[in-house]
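Residues per chain are reported as follows:
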Amino acid sequence: MESIVQALAGIVGKPYVSASAEERYFYGRDPGLMPAHAPDYVVLPRSVEEIQAIVRLAGREKIPLVPMGAGMSLSGLVIPQRGGIVLDMKRMDGILKVNEAARYAVVEGGTSTGKLHAHLNRYYPRLRFSTPDSPAAATVAANVMIHGQGRLTQQQGFNSDMVSGLEVVLPSGELCRIGSCALSDDWFSKGPPLPDLSGLFLGWFGATGILTKVGIKLYPRKKMRDVEIFITDSPDFVPGILYELTHTEMAEDINIFAQPLPLIFSGNHHIVIYFTGDSAEEMEFKKRTLFHALDGFIKSKDGGFMTVGEGMKKTLLDMPQRSATTFADVTKGGGFEYSGPIVPIDRYPQCSRKLDELAVKYDLKYHATARIIDKGHAMMFAFSFTFNRADADMLNRTRMALSEASEYALSIGGLFWKPTLDEQRIALEKMDPQTARLMKRIKEELDPQGIMNPGNWEGI
Amino acid sequence: MYQLKFDEKRCLACPDGACLVQCQYLKYEADPARKEMVKIFRGEDSPVLQDCVTCYACEEYCKRGNHPFYLINERRENKGILTAPRAITRQWIHIGEPKGKYELGRIGKIALSFGFMPQLKEITKGRLFDDVMPSYFFGQEFFCNVVYIHFANTKVFKERLPVVIENIHKLGVEEVVFLHDECYAAFTSLAPAYGMEVPFKSVHYFEYLYNRLTALKDLIRPLNVKVVYQRPCSNRLCGDSHLFVRKIMDRIGATLVQRTYQDETALCCGSIFRAMYGYDLMADVQGRNLEDMAQSGAEYCIFNCHGCMNALSPLVAARGMTPLHLIDLCRMAIGETPEGGR
Amino acid sequence: MKYAEILHRCFRCGYCKFTLDYENFNCPPYRKYRFDTFAPGGRMWLIRAWLNGEIENSERFQEILYSCATCGNCVEHCAFTFRENLVDIFIAAREEMVNGGRIPPPVRDYFKAISIHGNPYNLPAAQRSSWAADLPVQPYDGQEYLFYVGCVGSYDERGRKIAQAVSRNLIRAGVSFGILGEREPCDGNEVRVLGESGLFEYLAETNIALFRQLGVRKIITLDPHAFNAFRKEYPAFGGDFEVLHYSQVFSRLIESGNLKPGNFAARVTFHDACYLGRHGGEYEAPRNILRAIPGVELVEMRQNRANALCCGGGGGNFFTDILGGEGDSPSRIRVRQALETGAEILVVSCPQCAKMLEDAIKAEGLDGRLTVADAGELLDASLRGH
Ligand SMILES: Cc1cc2nc3c(=O)[nH]c(=O)nc-3n(C[C@H](O)[C@H](O)[C@H](O)COP(=O)(O)OP(=O)(O)OC[C@H]3O[C@@H](n4cnc5c(N)ncnc54)[C@H](O)[C@@H]3O)c2cc1C
Ligand code: SF4
Ligand code: SF4
Ligand code: SF4
Ligand code: SF4
């Protein structure tokens, strides 16, 4: 033990290694509901070379290694299931470059989404990235690692689709570049027209390597941004409404929320439509087009545009949306977690009804949120429950509700998003065996010792 | 249950059918207008039940004491003809639901009613109100529930309004100054039309303001500004209170400029239209209204209802006019600096 | 523990450790240590774990609790409604630790020095007024204002210069004031935030009794820390005085024309003291002084006002120095932020900030490129010869 601490201290410097009870306690859990498991060491690297050295050390000593950003993925992905080293990446938080003309940025493996957001705001007011609504501390690398979604996902797909290059420390300690950056210092493509190797890492939760740099595509940022909310009283109308809205290609982001509290929201489904423009005319044109797209629903009285007050508008236009986080305190309990499967948009009604049913069954406060992906190819539907961290029974009920929600989503054709270990196992079991075998071969080839975030994508 | 007082004979003998003839959204001559009202009264089908956009104006146009719009509303409800999308109606019903979160000031014999408009708390400041403040009440418990007549619904106000009347009565007030037209209308138009007793005196805040300005006239420094006024739908239910606007403007040395859409020809702010009928009706009404305001050369657009103000302020500002609540303008005239006036 | 019922509500989301726009981490100990355990969320979770018996009172845990600078950045930026209480919670946890008797040695020494000598420097009370020896400053005797100097202004070399400059300005403006000199007790602000509530209570009561006895109604404080204690904590013990920070007094005197700054040509930037700014809500008074001095060009650091990075001296760290040291200590980062503005003078409004930042300039090797001046000193310099 002592010698490992010393070896780690030799790599990153003494102040940045801890084997103390305090760090082991804190880094042994996340804000979600998965059981805790303490790491043996927590290490804060500052450079790629340090990470390479740590990985080599871990390989030599067969010590598990779990990379961590802000630990906000909630589903236990950063809990070191077999102890070992937690690698808190947040000291590597540089923004290495922004190529304005080619619209991409390159950030380090621990740079927060908040920092990138602020940096672009300040220096590149005509550029933006697909900001997720996770707390600002959440990192860009982890967000693409878990196939996150953000403000531009409705237009551009998963945030991981917007990756434009990667630099990875392989489990062997070798450093590898993925995409155009493997051939030059231009980070405009993560693969095409060459074989796209980013799939060897994205979605693997660090089990195949550690991202030390991420190229991320940037998009035009218009001067103005506004939001409207279309409401309907039945989930059955939602897919049709989404189809019409996405057909316009006028929306920035489209989210849905439905929740019983406060009363003003009860019984309705709220389709939140963001749009942007560089001039009042552009805004008005988009607004008119979006409104007209739903005229049929208005005529049949199946839905209408509600009035969005100033306060609510401010909350919604916030980036990231802090209100997504404060949901955790609805029961003054400091916790919430969601099962957020990716489902085809026509499954919205089933998911919504299932959520109502689960909330009653387990007596929980809940809300449904959904984000449209890539103009309606799919949506992330979040079965969200808020819980009181100090109420053990409630924690249990929430766990059961979440696992039932996930199983249900899988049964209707959905895919788990940022799955827990259990969910990963279930997915592997359900998967075409050939596919599962291919994944196993990839994992064994890249990480023969099984030291990288062990437990993940294992067990076939 | 409460029954609407409506006298068919008045329509049969009506000389002008003003209700529908003057309607800004439907086209009727006098004769068909009368006939249509009678048909509606008798429970027959009428295109009016489909096409009326709930602007409330015919309540004012009818000078023979009938209640054409309340009648339309009744019949729509009976026939299940919806005006608003169901989700919108549901949301509004939830908004008005009492939640035990009302606020009471120190209630005296006279009290201000803020209904359920939180913004009203913010503007009733300064000398103009120091006569009554802090005697006020606010909250869903005191919300008049008139808005539901936009939604082909009488059930909600029939249930809730008597309770609201009782709630106010229990405060022990003799006189209530209503700062929202809809509330004033509830107790002076809707309740009487349905035979509900109102055991307190209702005063429109225009009248109150006018009297206060008269009392404080030494403080007034004429503003010398040109203003237009956005008259809200619910003022149609408030008798001739709108005539006070000109008197108040005269008092504070502001010129209410002549324009097309004012008094009986006022246009809706569009926010209800937007929720119920979508973009086109809203844009048409707002577009004409704004153009008319801009033509008039006014510097200020003054509002009486915060609903209108929310809907139109940005548009008014984009046309180079300053949006302001009428109360704020009055406060400026007596040398105060209201938040909204900065 | 007070506030224990709030602890579990922390989501450890980390909004609290940022500036408002997320450009930078702004919790001073987090900036130094970079373990999440040293961020507000880490403290919340660990305090809870400690109360639940899941971790012990170790040296590390003490370091975690006592490295908090009580700077209030988390109060400003936490996403949740309980944010108002975050600093109170951290102080309550320290109280709990003090009651348990195991605290970091420098903290223990601090309490001891205050109890025995009435000041953290272990110096005799008689020296408390020596800073004023060459000035026509009167002992307090019913003047309009009591000028409360505090321990740092009385004993610390850097602090004393500021006390002198402030006094000169007060004299110039004809303000009627007096000092307590050797009768002046410690204000107790740091005692309180370090968790010794009993000793604080004693100090507050002693001060209040003395002020009452002398007929003090209005107080000007040199130190924002005293300003904080007098304004926010003393009322609970019956101490109702009109309390002003000297920058507020100067700002008013300038506005009323009773103090006319002279010329002073310099490009300066301003560092907000946590106990004046975030805790005291006063961001403008010291800036008003700077803006009133002809020739002074004020360039703001990116992190200013509610987003200012603490110098690392708050929460007793000025005395315990837990946050000091390496290149990523808050005071050194702050000095680098100041340098970025191109300013030649880093202006402060607190003797603790002055010392912290001056030391950091030395440590950064920036002597000659950047100097620290208190707003009172700058005003004084502009008036030299007047
Ligand atoms: C309130 C709230 C709202 C949210 N909203 C959204 C949203 O709108 N969109 C969205 O996409 N997500 C959302 N999330 C989920 C999640 O917080 C985000 O996706 C976030 O980006 C995760 O980042 P992190 O740094 O916290 O990840 P972590 O939890 O730290 O890590 C996630 C995974 O990535 C791995 N990892 C981390 N860094 C690296 C690295 N450098 N190399 C290799 N592997 C690494 C970890 O091992 C882990 O498996 C939300 C979460 C919360 C709590
Ligand atoms: S409602 Fe009035 S205006 Fe209309 S027809 Fe009847 S009496 Fe005439
Ligand atoms: S309410 Fe308005 S739209 Fe409807 S009939 Fe009356 S005047 Fe016409
Ligand atoms: S203190 Fe507030 S902002 Fe900080 S981690 Fe806890 S809940 Fe989040
Ligand atoms: S008060 Fe300042 S130092 Fe203490 S936890 Fe909050 S932000 Fe960090």
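Analysis parameters
- Residues numbered from 1 in each chain as written.
- Chains lettered and ligands numbered in written order.
- Predicted model: local features only at pLDDT ≥ 70, side-chain atom pairs only at ≥ 80, totals over all residues.
- Heavy atoms only, no water.
- Helix = DSSP H or I, 4+ residues; strand = E, 2+ residues; numbered from the N terminus.
- Rg over C-alpha atoms; globule rule 2.2 N^0.38 Å.
- Buried < 20%, exposed > 50% of the residue type's maximum accessible area, 1.4 Å probe, protein only.
- Contact = heavy atoms within 4.5 Å.
- Core = buried A, V, L, I, M, F, W, Y, C linked by side-chain atoms within 4.5 Å.
- Near = heavy atom within 4 Å.
- Nonpolar A, V, L, I, M, F, W, Y, C, P; charged D, E, K, R; others polar.
- Domains from an automatic or database assignment.
- Salt bridge = Lys/Arg side-chain N within 4 Å of Asp/Glu carboxyl O.
- Polar contact = N/O pair within 3.5 Å; in protein donor to acceptor, adjacent residues only side chain to side chain.
- Buried area = accessible area lost by both parts, 1.4 Å probe.
- Pairing = 2+ DSSP bridges.
- Axes fitted to C-alpha atoms, helices over the stretch in contact; angles between N-to-C directions.

## Quick notes on the overall build of chain A
Link 1 in the chain: A tally of helices and strands in chain A yields 15 helices and 19 strands.
Link 2 in the chain: For chain A, the C-alpha radius of gyration of 22 Å lies close to 23 Å, the compact-globule estimate for 460 residues.
Link 3 in the chain: Projected onto the principal axes, the alpha-carbon positions of chain A cover approximately 70 × 55 × 45 Å.
Link 4 in the chain: Counting over 460 residues, chain A shows a buried share of 63%.
Link 5 in the chain: Considering only contacts in chain A between residues 6 or more positions apart, those separated by 24 or more positions represent 70%.

## What to know about the nonpolar core
Link 1 in the chain: Counting 194 residues, the largest nonpolar core has Met44(C) and Phe147(C) as the members making the most contacts within it.
Link 2 in the chain: Per-element tally for this core: the top contributor is helix H5 (residues 86-100) of chain C, with eight residues.
Link 3 in the chain: With residues near it in sequence (within four places) discarded, Met44(C) still touches Ile6(C), Leu7(C), Cys10(C), Phe82(C), Leu86(C), Ile89(C) and Phe90(C).
Link 4 in the chain: Core analysis: the second largest hydrophobic core is formed by 82 residues, Val272(A), Cys11(B), Ile88(B) and Phe178(B) among them.

## Some details on the site of ligand 2
Residues and elements named next belong to chain B.
Link 1 in the chain: Arg10, Cys11, Cys14, Ala18, Cys19, Met37, Cys62, Arg64, Asn66 and Pro68 make up every residue found near ligand 2.
Link 2 in the chain: If you list the elements that add at least two residues to the shell around ligand 2, you get helix H1 (8-12) and helix H2 (18-21).
Link 3 in the chain: Of the residues in the shell around ligand 2, the class split is seven nonpolar, one polar and two charged.

## A look at the environment of Val227(A)
Residues and elements named next belong to chain A.
Link 1 in the chain: Along the chain, Val227 turns up in strand S12 (residues 224-232).
Link 2 in the chain: It is 6.9 Å that separates the C-alpha atoms of Val227 and Lys313, two residues lying 86 residues apart in sequence.
Link 3 in the chain: Ignoring sequence-local partners within four residues, the contact set of Val227 consists of Val272, Ile273, Tyr274, Phe275, Lys313, Leu316 and Leu317.

## A look at the domain arrangement of chain C
Reports often express the size of an interface as the amount of accessible area lost when the parts come together.
All names here are of chain C.
Link 1 in the chain: Domain assignment breaks chain C into domain 1 (4-103), domain 2 (124-252) and domain 3 (261-382).
Link 2 in the chain: When each unit is reduced to the centre of its C-alpha atoms, the spacing between domain 1 and domain 3 is 25 Å.
Link 3 in the chain: If you look at the interface, domain 1 gives 23 residues, while domain 3 gives 24 residues.
Link 4 in the chain: At the boundary of domain 1 with domain 3, the tally comes to one salt bridge.
Link 5 in the chain: Between Arg302 and Glu23 there is a salt bridge; the shortest N-O distance is 2.6 Å.

## Describing the site of ligand 1
Link 1 in the chain: Close contacts around ligand 1 come from 39 residues, with Pro67(A), Gly69(A), Met72(A), Ser73(A) and Gln149(A) the closest.
Link 2 in the chain: Site remark: ligand 1 is flanked by residues from chains A and C.
Link 3 in the chain: A distance of 2.8 Å separates an oxygen atom of ligand 1 from a polar atom in the backbone of Ala70(A).
Link 4 in the chain: Within the contact set of ligand 1, a nitrogen atom lies 2.7 Å away from a backbone nitrogen or oxygen of Gln149(A).
Link 5 in the chain: Of all the elements in the fold, those that place two or more residues in the shell around ligand 1 are strand S3 (65-68), helix H5 (140-145), strand S10 (210-217), helix H11 (322-326) and strand S16 (334-339) of chain A.

## Thoughts on the environment of Gly307(B)
Residue and element names in this part refer to chain B.
Link 1 in the chain: Relative to the helices and strands, Gly307 is located in helix H15 (residues 306-318).
Link 2 in the chain: A residue is classified by how much of its surface remains accessible, and Gly307, at 26% relative accessible area, is partly exposed.
Link 3 in the chain: Those residues in contact with Gly307 that sit more than four places away from it in its chain are Met117, Cys269 and Ser271.

## Digging into the domain arrangement of chain A
Residue and element names in this part refer to chain A.
Link 1 in the chain: Partitioning chain A into domains gives domain 1 (2-90), domain 2 (92-220) and domain 3 (224-411).
Link 2 in the chain: On a C-alpha basis, the centroid separation for the pair domain 1 and domain 3 is 36 Å.
Link 3 in the chain: With five residues of domain 1 at the interface, the matching set in domain 3 holds nine residues.
Link 4 in the chain: Interface of domain 1 and domain 3: buried area, both sides summed, is about 580 Å²; carbon and sulfur atoms make up 58% of it.
Link 5 in the chain: Three residues, Pro31, Leu33 and Leu74, lead the burial of domain 1 against domain 3; their summed loss comes to 85% of the area buried on that side.
Link 6 in the chain: Here domain 1 and domain 3 share zero salt bridges between them.
Link 7 in the chain: Our count for the contact surface shared by domain 1 and domain 3 stands at three residue pairs in polar contact (both at pLDDT 80 or more).
Link 8 in the chain: Taken together, the residues of the side of domain 1 that touches domain 3 sort by class into three nonpolar, two polar and no charged.

## With respect to the sheet that holds strand S3 (residues 136-138) of chain B
Residue and element names in this part refer to chain B.
Link 1 in the chain: Strand order in the open sheet made by the five strands is S1-S3-S2-S4-S5, with mixed pairing throughout. Each edge of the open sheet is held by one strand with a lone partner, namely strand S1 (103-104) and strand S5 (201-204).
Link 2 in the chain: Pairing of strand S4 (residues 175-178) with S5, which is carried by four bridges, proceeds in the parallel orientation. Residue pairing for S5: Glu175 is matched across the bridge by Lys201.
Link 3 in the chain: Against the sheet, helix H10 (residues 181-193) contacts strand S2 (110-113), S4 and S5, and its axis sits at roughly 145 degrees relative to S5.
Link 4 in the chain: Sitting on the sheet, helix H11 (residues 205-215) touches S4 and S5, and the angle it makes with S5 is about 70 degrees.

## Some thoughts on the interface of chain C and chain A
Link 1 in the chain: Between chain C and chain A, the contact holds 42 residues from the first and 49 residues from the second.
Link 2 in the chain: Roughly 3,800 Å² of surface becomes buried between chain C and chain A when both sides are summed, with 59% attributable to carbon and sulfur atoms.
Link 3 in the chain: The tally of links from chain C across to chain A stands at six salt bridges.
Link 4 in the chain: A salt bridge links Asp21(C) to Arg122(A), with the nearest nitrogen and oxygen atoms 3.9 Å apart.
Link 5 in the chain: Contributing elements (two or more residues each) for the side of chain C that touches chain A: helix H1 (28-33), helix H2 (40-51) and helix H3 (59-66) of chain C.
Link 6 in the chain: Examining the composition of the side of chain C that touches chain A, we find that six residues originate from one element, H2(C), more than from any other.
Link 7 in the chain: Here the residues of the side of chain C that touches chain A are counted per class, giving 21 nonpolar, seven polar and 14 charged.

## Section: the interface of chain A and chain B
Link 1 in the chain: Each side of the interface is counted separately: chain A has 25 residues, and chain B has 20 residues.
Link 2 in the chain: Here chain A meets chain B over a buried area of about 2,000 Å², counting both sides, of which 53% is carbon and sulfur.
Link 3 in the chain: Contact with chain B buries surface across chain A, with Leu263(A), Ile264(A) and Lys301(A) losing the most and accounting together for 31% of the total.
Link 4 in the chain: Its salt-bridge partner being Asp302(A), residue Arg86(B) comes within 2.6 Å of it at the nearest N-O pair.
Link 5 in the chain: Put simply, the parts of the chain that give the side of chain A that touches chain B at least two residues each are S12, helix H8 (280-293) and strand S15 (303-305) of chain A.
Link 6 in the chain: Among the elements that make up the side of chain A that touches chain B, the one with the highest residue count is H8(A) (five residues).
Link 7 in the chain: Grouping the constituent residues of the side of chain A that touches chain B by class yields eight nonpolar, 10 polar and seven charged.

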